[in-house]
Amino acid sequence: MKVLKSWLGKWVDLSSIKIGEILNIFESLGYEIESVTDLKPDYKNIVVGKIIEIINLPNSKKIRLTKVDIGDEVLDIICGAWNFTSGDLVAVAKAGSHIKDKFKIESKNIFGYESNGMICSPSELNLWDQQDGILVLSESNLSKGA
């Protein structure tokens with residue numbers, strides 16, 4: 001079983017407890033600790049956006065043009081994933097952002113359309129290995145701070 005310290009912190013005040021003490025507590029309760037991993041985000045400047053429009057491109061069956069509202073502007077982003085619809089909340093890397101392995105996102109012209117960012121998959125944010133689509137966020141999770 002994997003347990004996040006942030007998850008434990010929602011149930012118990014851990015502000016004055018060091019990680020070693022937490023491990024000792026779990027071991028004293030009979031749990032075997034296999035490993036401890038310090039997770040740090042491998043991305044920079046990722047924002048939440050709302051898909052407001054999806055446009056099929058006339059000369060492509062694999063990619064679409066999306067219009068994504070990120071709060072202070074609406075971005076045109078070309079995307080090859082098909083697991084989302086208008087109204088979905090998604091993770092967006094604007095031009096100048098970094099995703100997994102410090103890959104920098106730039107604006108590009110694709111099939112004559114300017115793509116001003118990237119709609120990200122969990123794998124591209126190094127969250128978990130999922131190759132079959134982008135990360136669709138739940139509005140209820142965002143309002144709960146999860």
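None of these values were measured; they are calculated from a predicted model.

Draft legend 1. Quick peek at the pairing of strand S4 (residues 89-99). With 6 bridges joining them, strand S1 (residues 44-56) and S4 adopt antiparallel strand pairing. In the strand pairing of S4, valine 47 is matched with valine 92. Judged from the 2 bridges that link them, S4 and strand S9 (residues 136-137) form a sheet pairing that is antiparallel. Bridge assignment links valine 90 to a residue of S9, and that residue is valine 136. Direction of pairing for S4 relative to strand S8 (residues 117-119): antiparallel, over a ladder of 3 bridges. What sits directly across from alanine 93, in S8, is methionine 118. In the sheet, S4 pairs with strand S5 (residues 103-104) via 2 bridges, with the strands oriented antiparallel. Along S5, the bridge assignment pairs histidine 98 with lysine 104. In this structure, the hairpin formed by S4 and S5 is closed by a connection of 3 residues, where aspartate 101 is found at a positive phi of approximately 60°.

Draft legend 2. Quick look at the packing of aromatic side chains. Applying the stated criterion across every chain yields a total of 2 aromatic pairs. Cation over ring: arginine 64 sits above tryptophan 82, and NZ or CZ is 4.1 Å from the ring centre. Taking the ring centre of phenylalanine 84 as reference, the NZ or CZ of arginine 64 above it sits at 5.0 Å.

Draft legend 3. Region of interest: the pattern of salt bridges. A full pass over the atoms with the stated rule returns 2 salt bridges. Between glutamate 106 and lysine 104 there is a salt bridge, with the nearest N and O atoms lying 3.8 Å from each other. On the basis of relative accessible area, glutamate 106 is assigned to the partly exposed category, the value being 42%. You can call lysine 104 partly exposed: its relative accessible area is 43%.

Draft legend 4. Spotlight on unusual backbone geometry. The phi dihedral of asparagine 45 falls on the positive side, at around 65°, and the residue is not glycine. Topologically, asparagine 45 is positioned in strand S1. Overall, the relative accessible area of 48% leaves asparagine 45 in the partly exposed class. For lysine 102, which is not glycine, the phi torsion reads 60° and is therefore positive. Looking at the element boundaries, lysine 102 is found in the loop between S4 and S5. Using a relative accessible area of 64% as the deciding quantity, one classes lysine 102 as exposed.

Calculation rules
Residues numbered from 1 in each chain as written. Predicted model: local features only at pLDDT ≥ 70, side-chain atom pairs only at ≥ 80, totals over all residues. Heavy atoms only, no water. Pairing = 2+ DSSP bridges. Helix = DSSP H or I, 4+ residues; strand = E, 2+ residues; numbered from the N terminus. Phe/Tyr/Trp six-rings, centres within 6.5 Å; stacked < 30°, edge-to-face > 60°. Lys NZ or Arg CZ within 6 Å of the ring centre and 35° of its normal. Salt bridge = Lys/Arg side-chain N within 4 Å of Asp/Glu carboxyl O. Buried < 20%, exposed > 50% of the residue type's maximum accessible area, 1.4 Å probe, protein only.

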